[in-house]
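# Coordinate analysis (summary)
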Amino acid sequence: MSIVLSAADVFSAAILLEERGARFYSESAARFRGEEKKLLSGLASMERTHAERFRTILDGLSRSTGEEADAESQAYLKTLTEDRIFTEAVTPDEGDTFPRILEKAITVEKNSVFFYTAVKDTLASKMDGADIDRLIREEIGHFQSLTDALQRRREQEGKA
C-alpha cells in the first residue's frame, strides 16, 4: 500500500517537525546558562515561529480547499518526523555536554533541510517559492550558527 501525501499532510508534518525542534531547543536551553542558553533559546523561538507560519498556511489551505490530512497520512508523517529527523541518536541525554547538544542539533538541522528540500514541490503548490527557499535558508542558518558555536567551544577547550 502506498500513501499519497497532500499539501495538508506536508504542512502537518512540518508543524510537527518545528514543534519538536522547539521542544528540543527549549529542553536543551534549560540545562545551560549564558551564551549557550541564549543560542538554544533563540533557536527554540525560531522553530516556534516556523510552526506558526505553517499552521497559518495549513488553516488557510483547509478552509479554501477542504483538504485535511487523513489519519493514516498523519500517522505516517508523525513516524517520519520522529524516526527520520528526531532519531534516538539525537535525543538529548542528561549527561550531554554543550558540544554534544550542538552536534545533535546540527544533525537535526541537516535532517530538516533534507525534509524541506524533499517536499519542496508539494510545498510550492501552496506557498511562494521564495518563502520555501527562505525557510530552507533559515534552517541552513541554524546549521551554520550551531556549527560556529561548536567550533568556538572546541577552540576554547583546545580541541580545534
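Our subject in this report is the structure included herewith. (Residues numbered from 1 in each chain as written. Predicted model: local features only at pLDDT ≥ 70, side-chain atom pairs only at ≥ 80, totals over all residues. Heavy atoms only, no water.)

### Some details on the overall build of the chain
Heads up, the condition is: To qualify as a helix, a DSSP run of H or I must reach at least 4 residues; to qualify as a strand, a run of E must reach at least 2; elements of each kind are numbered from the N terminus. The classification of residues rests on relative accessible area computed with a 1.4 Å probe and restricted to protein chains. Under 20% of the type maximum is buried, over 50% is exposed, and intermediate values are partly exposed. In what follows, residue pairs with any heavy atoms lying within 4.5 Å of each other are defined as contacts. Throughout, the Shrake-Rupley method with a 1.4 Å probe supplies accessible areas, and for residues the shown protein chains are the sole cover considered.
Scanning the chain from N- to C-terminus turns up six helices and zero strands. Its helices and strands in sequence order give the chain the pattern α-α-α-α-α-α, from N to C terminus. Here the chain, with 160 residues, has 39% of them falling under the buried criterion. Long-range contacts, defined here as pairs at least 24 residues apart, represent 79% of the contacts in the chain between residues at least 6 apart. For the chain, the exposed surface amounts to about 8,700 Å²; the carbon and sulfur share of it is 50%.

### Concerning the environment of Ile-106
Relative to the elements of secondary structure, Ile-106 occurs in helix α4 (residues 98-118). On the basis of relative accessible area, Ile-106 is assigned to the buried category, the value being 11%. Leave out the neighbours within four places in its chain, and Ile-106 touches Phe-143, Leu-146, Thr-147 and Leu-150.

### Here's the deal with the nonpolar core
Formally: The set of buried Ala, Val, Leu, Ile, Met, Phe, Trp, Tyr and Cys residues whose side-chain atoms join them within 4.5 Å is what this entry labels a nonpolar core.
Counting 38 residues, the largest nonpolar core has Tyr-25, Leu-40, Phe-54, Phe-115, Tyr-116 and Leu-146 as the members making the most contacts within it. When residues in this core are grouped by element, the largest group, eleven residues, is from helix α1 (residues 7-29).

### Here we look at the packing of aromatic side chains
How we decide: Here a Phe, Tyr or Trp ring, Trp counted by its six-membered ring, pairs with any other such ring whose centre lies within 6.5 Å, and the pair is stacked when the planes are under 30 degrees apart, edge-to-face when over 60, and tilted otherwise.
A full pass over the atoms with the stated rule returns five aromatic pairs. Between Phe-11 and Phe-54, the ring centres sit 5.7 Å apart and the planes meet at 55°, which makes this aromatic pair tilted. Separated by 43 residues along the polypeptide, Phe-11 in helix α1 and Phe-54 in helix α2 (residues 34-65) bring together distant segments of the chain. For Phe-54, a relative accessible area of 0% puts it in the buried group. Summarising the aromatic geometry, the rings of Phe-115 and Tyr-116 are spaced 5.3 Å apart at their centres and angled 70° between planes, so their arrangement reads as edge-to-face.

### Quick look at the pattern of salt bridges
Quick note on the threshold: A carboxyl oxygen of Asp or Glu within 4 Å of a side-chain nitrogen of Lys or Arg is what we treat as a salt bridge.
Inspection of every chain in the model, using the stated rule, returns nine salt bridges. Arg-55 serves as the salt-bridge partner of Glu-19, at 2.1 Å between the closest nitrogen and oxygen. Taken together, the residues Glu-19 in helix α1 and Arg-55 in helix α2 connect sequence positions 36 residues apart. Of the residues examined, Glu-19 reaches a relative accessible area of 28% and is grouped as partly exposed. The class of Arg-55 is partly exposed, set by a relative accessible area of 24%. Of the charged contacts, one joins Glu-36 and Arg-153 as a salt bridge, the two residues approaching to 1.9 Å between their closest N and O atoms. Taken together, the positions of Glu-36 in helix α2 and Arg-153 in helix α6 (residues 129-156) put the pair 117 residues apart, joining distant regions of the chain. Like Glu-36, the residue Arg-153 is buried in the burial classification. Several salt bridges converge on common partners, so that one network encompasses Glu-19, Glu-52 and Arg-55.

The analysis is restricted to geometry; functional conclusions fall outside its scope.
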